[in-house]
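If you want the building blocks of each chain, they are given just below.
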Amino acid sequence: MKSTYILASDIGGSGVKSMLFDLIERKILAIVTMPLRWYHPTPDAIEYDADEILQACVGGIKECVAKAGVDTGSIGAIVTDGQQAGQIFVDADFNAVSPYDTWMDNRFLPFAAEMNSICGDRILAKGGNNAIITIGPKILWWKNNRPDIYKKTYKVVLTANYVGGKLAGLTGDQAYYENTSTGYSGLIDNDADNWDDEICYAVGIDRTKLAEVVEPTRIVGALTADYAREIGVPSGIPVVAGAGDFPAASIASGILSPGQVGDTAGTASMFTVCSDYWRPDPSGLIRTLRSPIKGYWYAFCFTTGGGSVKWFVENVLKDDSLYGELTDGASAIPPGSDGLAFYPYISGICKGLNVGGAFSGLQWAHGRDHMFRAILEAVAFEYKEYANGMQKLLGMAPFTTVRGAGGGTRNGMWNQIKADVLNVTYEVMHEDECSLLGSAIIAGNAIGVYPDILETAKTFNHVSSSFTANPDAVAAYRRIWDNWHNLKDENYPLLKCI
């Protein structure tokens, strides 16, 4: 069979990864990372330039084509995934009129509280999530603080859908919003798979500015002649809508049936369990997104895991060569980091209050290795709280296995900490570029190479290594977690931003 290739891009917090993939051989032929810059117009704000993201995607897939040296006539589709809890505003010609306001941006918190006060019960009942720093509150912030931009806005789209729309030369009327990300909006009716008119009206969001909700496998257009020349491929290649980075990663890491649990260890650390039904969590801890596999859902929570590690190493220590040295040093420190605790809420907390991160229990003997280990443990402690909440909400038995994928799984000490804290076997997937691979599965299904997403995903990746819980560490962490959790509850007001 003639090879059919996919060009895919994954828009992350620190850069764009692009890949050229052989659908028939199931092999990555080229992978390229292009850096992204974020901007801080105010201390609580993080923005990206929309067209810098676009050019990073274009530059990445162009370089992949050049590296792989394949027959470009056999490229079957282009697909993009990306972060899900931020958006770009476009005008009627599909030009960006706003930056991309990432999930790490906290300016929108007052509007999340406002939405929840107006119709929080309906938001939760219809979409399975509260409104915290997601699409709805962000739209309201721009409407109230930058009415000039809001007035120019024709449609609101995801960052990945902006890239796809530009590559396909779409107009504002053709804008789309893939449905694995709508759960972040605070504006969705899950059962109808469409925007909820009543919520939009109640909170004052113009429903006509919301792009059409589509399935990830929708072919939304074809590559324009201009971008084809720039990339070095034929024009007319199908552009596929794609999924959010986390749902795409989940299918490629084997989170495919009810009860399977996954850890997407990226800038945002995502802990998820697959289910064939969804249930709203009144506490606001557990959230819900649609899977690219029809009929399945992902209950999930997230914290700033990899982002906290990056902040400490690169912003505080200011030396990104230290990761290995810090891991070696932290490995010699016992569970509990000799009494030092970290709370990984640099970008707020999953439940949605305006809080910040913090170290607790600092003593003279503590050094950078203790701080590094405390950060890694804090993410695992968060995961334990998430696991307890998911089991209670969904009526599931205690989890016994967690499958991990993403850059964080390259740190074996962190994998072992997670296994010990959760008392599970922690399995690391062979291919850790799971967002890109999930996008390849989706695109392959869209163009007919893979007839069934679920059956394809079952054999797409495999476990490369496992970390078994150490009984002594499990016992130690059970006590430490109780103290960590109780201390968080007692001092919650102290975590609030001044």
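This text goes with the structure placed above it.
This report concerns the structure included in the present document.

The rules we used
Position numbers for residues count from 1 along each chain, tracking the sequence in the order it is written. Given that this is a predicted model, residues contribute local features only at a pLDDT of at least 70 and side-chain atom pairs are listed and counted only at 80 or more, while totals for whole chains, interfaces and linings are drawn from all residues. Where side-chain values are given, they derive from all heavy atoms of the structure, hydrogens and water being excluded. Two strands are counted as paired when DSSP detects at least two bridges linking them. A helix here means a DSSP run of H or I that spans at least four residues, while a strand means a run of E at least two residues long, and both kinds are numbered starting from the N terminus. Only the stretch in contact is used when a helix axis is fitted, and all axes are lines through C-alpha atoms; the angle between N-to-C directions ranges over 0 to 180 degrees. Contacts are assigned to residue pairs that have any heavy atoms within 4.5 Å of one another. Exposed residues in this analysis have more than 50% of their type's maximum accessible area, buried residues have under 20%, and partly exposed residues fall in between, with area computed by a 1.4 Å probe over protein chains only. We call Phe, Tyr and Trp rings a pair once their centres come within 6.5 Å, taking the six-membered ring for Trp, and we label the pair stacked below 30 degrees between planes, edge-to-face above 60, and tilted otherwise. A positively charged side chain is recorded as over a ring if its NZ (Lys) or CZ (Arg) lies within 6 Å of the ring centre. The angle to the ring normal must also be within 35 degrees. Just to be clear on terms, a salt bridge is a Lys or Arg side-chain nitrogen sitting within 4 Å of an Asp or Glu carboxyl oxygen.

To continue, consider the sheet that holds strand S23 (residues 463–467). Here 7 strands make up an open sheet; going across it, the order is S17-S18-S16-S15-S21-S22-S23 and the pairing mixed. Because the sheet does not close on itself, it has two edges, and the strands there are strand S17 (287–290) and S23. Each neighbouring strand pair of the sheet contributes to a mean axis angle of 30°, computed without reference to strand direction. Pairing analysis gives 4 bridges linking S17 to strand S18 (residues 297–303), with the strands arranged antiparallel. Within the sheet, the bridge partner assigned to Leu-289 lies in S18 and is Tyr-298. Set on the sheet, helix H11 (residues 368–394) makes contact with strand S15 (261–265), strand S16 (269–275) and S18; between it and S16 the angle comes to about 20°.

Residues that lie three or four places apart on an α-helix share one face, since the helix turns once every 3.6 residues. Across the 11 residues of helix H3 (residues 135–145), 8 count as buried, placing the element largely inside the fold. All buried positions along H3 are accounted for by Ile-135, Gly-136, Pro-137, Lys-138, Ile-139, Leu-140, Trp-141 and Trp-142.

Here the focus is the packing of aromatic side chains. For the coordinates displayed, the defined rule picks out 26 aromatic pairs. Between the aromatic rings of Phe-300 and Phe-302, the centroid separation amounts to 6.4 Å while the plane-to-plane angle is 15°, which identifies the pairing as stacked. With respect to class, Phe-300 is no different from Phe-302; both count as buried. We note Arg-107 situated over the ring of Trp-141; from NZ or CZ to the ring centre the distance is 4.5 Å. Geometry around Trp-481 places Lys-384 over its ring, the cationic atom sitting 5.4 Å from the centre.

With that settled, consider the pattern of salt bridges. Inspection of the entire model under this criterion finds 24 salt bridges. Arg-373 is paired through a salt bridge with Glu-377; the nearest N and O atoms lie 3.0 Å apart. Note that Arg-373 and Glu-377 are positioned in helix H11 at a spacing of 4 residues, about one turn of the helix. Assigned by exposure class, Arg-373 and Glu-377 land together as buried. Between Arg-403 and Glu-427 there is a salt bridge, with the nearest N and O atoms lying 3.1 Å from each other. Of this pair, Arg-403 sits in strand S21 (residues 401–405) while Glu-427 is found in strand S22 (residues 425–429), placing the two residues 24 residues apart along the sequence. For Glu-427, a relative accessible area of 17% gives the class buried. The network of salt bridges with common partners includes Lys-17, Arg-410, Asp-432 and Glu-433.

The next thing to look at is the pairing of strand S1 (residues 5–11). Every regular strand shows the same layout, with side chains that alternate between the two sheet faces. Taken across its 7 residues, S1 has 7 buried, putting it largely inside the fold. Neither face of S1 is exposed, since Tyr-5, Leu-7, Ser-9 and Ile-11 on one face and Ile-6, Ala-8 and Asp-10 on the opposite face are all buried. Pairing between S1 and strand S5 (residues 75–82): 7 bridges, direction parallel. Bridging from a neighbouring strand, Leu-7 pairs with Ile-78 of S5.

Before going further, it helps to spend a moment on unusual backbone geometry. Non-glycine residue Lys-318 carries a positive phi angle of around 55°. Note on placement: Lys-318 falls in the loop between helix H9 (305–316) and helix H10 (323–331). For Lys-318, a relative accessible area of 65% puts it in the exposed group. Of note, Asp-338 is a non-glycine position whose phi angle comes to about 55°, a positive value. Checked against the element boundaries, Asp-338 lands in the loop between H10 and strand S19 (341–343). The exposure class assigned to Asp-338 is partly exposed, which follows from its relative accessible area of 42%.

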